[in-house]
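One letter stands for each residue in the lines below.
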Amino acid sequence: MQHSGSVKAVDCRRLLWHAGDYVFYDLFGAKQKAVESWMDILRKVELATADFDNADSYNEIAMLKMEVATELTNFENNWPPQSHCIVAHEVMHLPDTIYRWNSVRIYWAFHLER
């Protein structure tokens, strides 16, 4: 029997949300905090919205962008350059997309699958 296919962003999302804390528990030693922070920011990005009737949307997304930039910097400081891929960089653009188009669940916002 042969299985073929590829991992999609939705597969990574399911792993992150449903098993991430268990699968990655105490797996990375001194770098564990960096992994947990990265998972937390990915979860936060997915839950972010920029509703039309929310007057604070701009400020909330601006704060989210700063948090994403901070966590990406921590990721880059804690992991070797070989692990820095375009996928990690793409996360930087998600807050802007959320501000323009709202929640990732309302439209196709899986930049990472392109």
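Below is a short write-up of the structure.

Cut-offs and rules
- Residues numbered from 1 in each chain as written.
- Predicted model: local features only at pLDDT ≥ 70, side-chain atom pairs only at ≥ 80, totals over all residues.
- Heavy atoms only, no water.
- Buried < 20%, exposed > 50% of the residue type's maximum accessible area, 1.4 Å probe, protein only.
- Helix = DSSP H or I, 4+ residues; strand = E, 2+ residues; numbered from the N terminus.
- Arc of directions from axis to C-beta.
- Core = buried A, V, L, I, M, F, W, Y, C linked by side-chain atoms within 4.5 Å.
- Axes fitted to C-alpha atoms, helices over the stretch in contact; angles between N-to-C directions.
- Parallel < 35°, antiparallel > 145°, perpendicular 65-115°, else oblique.
- Left-handed = near helix turned anticlockwise from the far one by under 90°.
- Contact = heavy atoms within 4.5 Å.
- Nonpolar A, V, L, I, M, F, W, Y, C, P; charged D, E, K, R; others polar.
- Salt bridge = Lys/Arg side-chain N within 4 Å of Asp/Glu carboxyl O.

## Focus on helix α5 (residues 94-101)
Of the residues making up α5, those classed as buried are L94, P95, T97 and I98. Down the axis of α5, the buried side of the element spans an arc of 160 degrees, and every buried residue falls inside it. Among the residues trailing α5, N102 stands out with phi positive, at a value near 80 degrees.

## As for the nonpolar core
Counting residues in hydrophobic clusters, the biggest one holds 17 residues, and the most contacted among them are W38, V45, L64, V68, F75 and I98. For this core, the elements supplying multiple residues, two or more each, are α2 (32-47), α3 (57-78) and α5.

## Some details on the packing of α2 against α3
Between α2 and α3, the least distance of the axes is 10 Å, while the angle of their chain directions is 150 degrees. Between α2 and α3, the crossing angle belongs to the class labelled roughly antiparallel. Judged by the sense of rotation from one axis to the other, the crossing of α2 with α3 is left-handed. When α2 is examined against α3, the residues A34, S37, W38, I41, K44 and V45 are found in contact with a partner set consisting of L64, E67, V68, E71, L72, F75 and N78. Looking at the contact of α2 with α3 residue by residue, the classes come out as 8 nonpolar, 2 polar and 3 charged.

## As for the packing of α3 against α5
It is at 9 Å that the axes of α3 and α5 come closest, and there the two elements cross at 165 degrees. Between α3 and α5, the angle is such that the two are roughly antiparallel. Viewed along their axes, α3 and α5 form a crossing whose handedness is right-handed. Contacts between α3 and α5 pair S57, Y58, I61, L64, K65 and V68 from the former with P95, D96, I98 and Y99 from the latter. Partitioned by chemical class, the residues of the contact of α3 with α5 number 7 nonpolar, 1 polar and 2 charged.

## Details of unusual backbone geometry
Working note: non-glycine residues mostly have negative phi, and peptide bonds are mostly trans. In the Ramachandran plot, D26 falls in the positive-phi region, its phi being about 50 degrees despite a non-glycine side chain. By the secondary structure assignment, D26 is in the loop between α1 (9-23) and α2.

## Some words on the pattern of salt bridges
Per the stated rule, a full pass over the model turns up 5 salt bridges. One salt bridge connects D21 with R43, and the closest N-O pair in it is separated by 3.4 Å. With D21 in helix α1 and R43 in helix α2, the pair connects residues that are 22 residues apart, well separated along the chain. For D40, the salt bridge goes to R43, with nearest N and O atoms at 3.6 Å. Linking D40 with R43, this pair stays in helix α2, spanning 3 residues, or about one helical turn.

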